[in-house]
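Chain residues, written in single-letter form:
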Amino acid sequence: MERFEEIAFICDDNNWKFLGGIEPDKEEDISEVEYMLNPGAFNKPPKMNRGVGTKPYVKTEPKIGRNDPCPCGSGLKYKNCCMKK
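Here the residue index of a chain counts from 1 through its sequence in written order. For a predicted model such as this one, the threshold for reporting local features is a pLDDT of at least 70, and the threshold for listing and counting side-chain atom pairs is 80 or more; totals across whole chains, interfaces and linings nevertheless cover every residue. Only hydrogens and water are removed before side-chain values are computed, so all heavy atoms of the structure are retained for them.

Colleague: Please provide a residue-by-residue account of the overall build of the protein, values included.
Modeller: Helix and strand definitions follow DSSP, with helices as H or I runs of at least four residues and strands as E runs of at least two, each counted in order from the N terminus. Of the regular secondary structure elements, the protein holds two helices and zero strands. Each residue is assigned to one of three classes by its accessible area relative to the maximum for its type, calculated with a 1.4 Å probe on protein chains only: buried under 20%, partly exposed between the two thresholds, exposed over 50%. Per-residue burial over the protein gives 13% buried out of 85 residues. It only takes one pair of heavy atoms within 4.5 Å for two residues to be counted as in contact. Within the protein, contacts between residues at least 6 apart in sequence are counted, and of these 8% link residues at least 24 apart.

Colleague: Summarise the packing of aromatic side chains; cite the residues concerned and give the values.
Modeller: We call Phe, Tyr and Trp rings a pair once their centres come within 6.5 Å, taking the six-membered ring for Trp, and we label the pair stacked below 30 degrees between planes, edge-to-face above 60, and tilted otherwise. A complete count under the given rule lists one aromatic pair for this structure. Ring centres 5.5 Å apart and planes at 85 degrees place the aromatic pair tyrosine 35 and phenylalanine 42 in the edge-to-face group. Accessibility expressed as a relative area gives 28% for phenylalanine 42, which makes it partly exposed.

Colleague: Which residues make up the state of the cysteines, and what values do they have?
Modeller: Two cysteine sulfurs form what is called a disulfide whenever their separation falls within 2.5 Å. As enumerated under the stated definition, the model contains zero disulfides in all. As a non-bridged cysteine, cysteine 82 has cysteine 70 as the owner of its nearest cysteine sulfur, 3.5 Å distant.

The quantities given are spatial measurements derived from coordinates; they are silent on function.
Structure below.
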């Protein structure tokens with residue numbers, strides 16, 4: 001449980017979202033976290049269990065709230081303009 005909390009703190013410090021669990025009958029594998037912290041130390045990325053054909057998604061722009069002004073410049077709220085597109 002101690003190691004799980006350590007991984008949770010590392011992910012939180014880096015603003016990473018993660019799914020984790022403790023499986024006492026399996027050997028611990030933290031290669032994904034180690035890769036995220038230092039990708040240059042790996043010849044190739046470890047197999048990451050995200051599902052078939054998925055890639056990590058990192059948001060580069062802040063989330064637009066429903067009641068924020070629409071970024072298209074119309075002067076309307078986002079929910080009444082481009083949110084439904």
